[in-house]
Amino acid sequence: MRKMNIRTLTSVGLLSTLSYLLMLLNFPIPPFPSFLMIDFSDIPALIAAIIFGPLAGIMVELVKNVIDFFMTGSPTGVPVGHLANFVAGITFILPVYYVYKKFESKKGLTFALVVGTLFMAMMMSVLNYYIILPAYTLFLNAPAMSAPETKQMVVSAILPFNIVKGVLMATLFMLIYSRIHVWMRKQAAAL
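First, a word on what this report is: a plain description of the structure on this page. (Residues numbered from 1 in each chain as written. Predicted model: local features only at pLDDT ≥ 70, side-chain atom pairs only at ≥ 80, totals over all residues. Heavy atoms only, no water.)

1. Digging into the pattern of salt bridges
Between side chains of opposite charge, a pair can form as their charged atoms come close. Where we set the bar: Salt bridge, as used here: a side-chain nitrogen of Lys or Arg that lies within 4 Å of a carboxyl oxygen of Asp or Glu. Secondary structure follows DSSP: runs of H or I at least 4 residues long count as helices, runs of E at least 2 residues long count as strands, and numbering of each begins at the N terminus. Remark: exposure states derive from per-residue accessible area (1.4 Å probe, protein chains only) relative to the maximum for the residue type, with buried under 20%, exposed over 50%, and partly exposed in between.
In total, this model carries three salt bridges according to the counting rule given. Measuring nitrogen to oxygen at the nearest pair gives 3.1 Å for the salt bridge that ties Lys 64 to Asp 42. Residue Lys 64 is found in helix α3 (residues 54-72), and its partner Asp 42 is found in helix α2 (residues 42-52); the two are separated by 22 residues along the sequence. Looking at Lys 64, the relative accessible area reads 0%, which means it is buried. We note a salt bridge from Glu 104 to Lys 101, for which the minimum N-O separation is 3.7 Å. Take Glu 104: its relative accessible area is 41%, and that puts it in the partly exposed class.

This is the structure we're talking about:
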């Protein structure tokens, strides 16, 4: 991993701020439950990872979620949703980063975004089943969901939602990347 210098830290700070602002522009998409919100805040983290390395992308994800927790709080009092968002972000950007670095082409990036989307969707399904949904019911003092109810929620809502979210993020990222890929390469080369 590249050493973090002042330029990198400044860029991570700016990308974290942009990521936080994009996080505020979240919206539900039918037919998914309203608590599942789409936002494009992982795109600045992905840009940070590709230019500065995976640690920079993780830092953008972390800072974004910490700022959001302190600014908006959490309905549970515990940052369950923020931790879920952080994990979803890193399970998307890290596979994209590592696969893209193996191929470093437009086709390679497209393949990397597909891999990142599928990895995020699978990991978030498992984590929602075993950790996130039970944590929400625990901290909200809601009745615990039975195993079949939890499985139904994961299969019918969580998994397809994360696939849709990944496809939307990948599409938007490819549109942005086509405009700034030369600049991103120059930034990465300047390190």
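2. Points about unusual backbone geometry
The step from Pro 30 to Pro 31 runs through a cis peptide bond, and the omega angle for that step is 10°. Tracing the backbone shows Pro 31 in the loop between β1 (27-28) and β2 (37-38). With phi around 40°, Glu 104 is a residue other than glycine that occupies positive phi space. One can find Glu 104 in the loop between α4 (80-103) and α5 (106-139). In the Ramachandran plot, Asn 141 falls in the positive-phi region, its phi being about 55° despite a non-glycine side chain. Relative to the helices and strands, Asn 141 resides in the loop between α5 and α6 (147-189). With relative accessibility at 70%, the residue Asn 141 sits in the exposed group.

3. A word on a nonpolar patch on the surface
Note the following rule: Patches were defined on residues exceeding 30% relative accessible area and lacking a salt bridge, with like-charge contacts within 9 Å and nonpolar side-chain contacts (Val, Leu, Ile, Met, Phe, Trp, Tyr) within 5 Å. For the area figures, the Shrake-Rupley method with a 1.4 Å probe applies, and any residue is considered shielded solely by the protein chains shown.
A cluster of nonpolar side chains, namely Val 114, Leu 118, Phe 119, Met 122, Ile 163 and Val 167, defines an oily patch on the protein surface of about 500 Å² accessible area. Elements that contribute at least two residues to the nonpolar patch include exactly α5 and α6. Take the nonpolar patch: its biggest share by element is four residues, from α5. The topology assignment puts Val 114 in helix α5.

4. Quick look at the nonpolar core
Under the convention used in this document: By nonpolar core we mean a set of buried residues, namely Ala, Val, Leu, Ile, Met, Phe, Trp, Tyr and Cys, connected to one another through side-chain atoms within 4.5 Å. Should any heavy atoms of two residues lie within 4.5 Å, those residues are considered in contact.
Counting residues in each nonpolar core, the largest one holds 33 residues, and the members touching the most others are Leu 46, Phe 92, Leu 109, Leu 113 and Phe 173. At the level of secondary structure, the elements contributing two or more residues to this core comprise α1 (6-24), α2, α3, α4, α5 and α6. Not counting chain neighbours up to four residues away, the residues in contact with Leu 113 comprise Leu 46, Phe 92, Val 96, Ala 170, Phe 173 and Met 174. Ile 38, Leu 133, Ala 157 and Ile 158 belong to the second-largest nonpolar core, a separate cluster that totals nine residues.

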